[in-house]
Amino acid sequence: MSRYLLAILLGTSLLAPVAVKADDRDRREKRYYDRSHKDYHVWNNDEDRAYRRYLEENHRTYQSWPKARRSDQDRYWKWRHDHQ
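Since the model is a prediction, treat every value here as computed from it, not as a measurement.

What counts, and at which threshold
Residues numbered from 1 in each chain as written. Predicted model: local features only at pLDDT ≥ 70, side-chain atom pairs only at ≥ 80, totals over all residues. Heavy atoms only, no water. Helix = DSSP H or I, 4+ residues; strand = E, 2+ residues; numbered from the N terminus. Axes fitted to C-alpha atoms, helices over the stretch in contact; angles between N-to-C directions. Parallel < 35°, antiparallel > 145°, perpendicular 65-115°, else oblique. Contact = heavy atoms within 4.5 Å. Nonpolar A, V, L, I, M, F, W, Y, C, P; charged D, E, K, R; others polar. Phe/Tyr/Trp six-rings, centres within 6.5 Å; stacked < 30°, edge-to-face > 60°. Lys NZ or Arg CZ within 6 Å of the ring centre and 35° of its normal. Pairing = 2+ DSSP bridges. Core = buried A, V, L, I, M, F, W, Y, C linked by side-chain atoms within 4.5 Å. Buried < 20%, exposed > 50% of the residue type's maximum accessible area, 1.4 Å probe, protein only. Salt bridge = Lys/Arg side-chain N within 4 Å of Asp/Glu carboxyl O.

Draft legend 1. Expanded view of the environment of serine 64. One can find serine 64 in the loop between helix H2 (45-57) and helix H3 (70-82). Considering only alpha carbons, one finds serine 64 and arginine 52, 12 residues apart in sequence, at a separation of 9.7 Å.

Draft legend 2. Spotlight on the packing of H2 against H3. As a packed pair, H2 and H3 sit with axes 11 Å apart at the nearest point and diverge in direction by 105°. If you check the angle between H2 and H3, you find them roughly perpendicular. Facing H2, whose interface residues are Glu47, Ala50, Tyr51, Arg53, Tyr54 and Glu57, H3 presents Asp72, Arg75, Tyr76, Trp77, Trp79 and Arg80. Partitioned by chemical class, the residues of the contact of H2 with H3 number six nonpolar, no polar and six charged.

Draft legend 3. Region of interest: the environment of arginine 75. Summarising the element assignment, arginine 75 is placed in helix H3. Residues arginine 75 and serine 36, spaced 39 residues apart in sequence, show a C-alpha to C-alpha distance of 9.8 Å. Contact partners of arginine 75, with chain neighbours within four places excluded, come to Tyr54 and Arg60.

Draft legend 4. Spatial organisation of the packing of aromatic side chains. What the rule picks out here adds up to 16 aromatic pairs. Feature note: the residues Tyr32, Trp43, Tyr51, Tyr54, Tyr62, Trp65, Tyr76, Trp77 and Trp79 constitute an aromatic cluster, connected by ring pairs. The lysine or arginine in question, arginine 31, covers the ring of tyrosine 40, its NZ or CZ lying 4.1 Å from the ring centre. For the cation-ring pair, arginine 52 lies above tyrosine 62, with the distance from its terminal atom to the ring centre recorded as 4.2 Å.

Draft legend 5. Expanded view of the pairing of strand E1 (residues 30-34). Two strands pair when backbone bridges link them, and E1 and strand E2 (residues 39-43) are joined in this way by five bridges, in the antiparallel orientation. What sits directly across from aspartate 34, in E2, is aspartate 39. Two successive antiparallel strands, E1 and E2, enclose a turn made up of four residues, where lysine 38 displays a positive phi of approximately 55°.

Draft legend 6. Highlighting the nonpolar core. Membership of the largest hydrophobic core is limited to 11 residues, which are Tyr32, Trp43, Ala50, Tyr51, Tyr54, Leu55, Trp65, Ala68, Tyr76, Trp77 and Trp79. At the level of elements, H2 and H3 are the ones that each hand at least two residues to this core. Here the element with the most residues in this core is H2; it accounts for four residues. In this structure, tyrosine 32 is in contact with Asp39, Tyr40, His41, Trp43, Trp65, Pro66 and Trp77, ignoring residues within four places of it in sequence.

Draft legend 7. The arrangement of the pattern of salt bridges in detail. Scanning the entire structure with this criterion turns up nine salt bridges. Between arginine 80 and glutamate 47 there is a salt bridge whose closest N-O contact spans 2.7 Å. Here arginine 80, found in helix H3, pairs with glutamate 47, found in helix H2; they are 33 residues apart in sequence, far enough to count as distant. The burial state of arginine 80 is the same as that of glutamate 47; both residues are buried. When salt bridges with common partners are traced through the structure, they connect Arg60, Arg69, Asp72 and Arg75 into a single cluster.

This is the structure we're talking about:
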């Protein structure tokens, strides 16, 4: 009986960090497709910082990325490809 309990405990302890890591990434990063350049961009802290810089340089008020109009998103992606 103790052998099975040990195997279960060992198995869960090895899988728990993987499950937590995958869940953590999903909350912070999301992929968005850039139709003009036909590529994907991962939305993470770096991309959010670049987006805020873009808004500031273009004198635009902040609006969260998912709520931004598609035309505004397209303009951002164009700017982003020019400002690596």
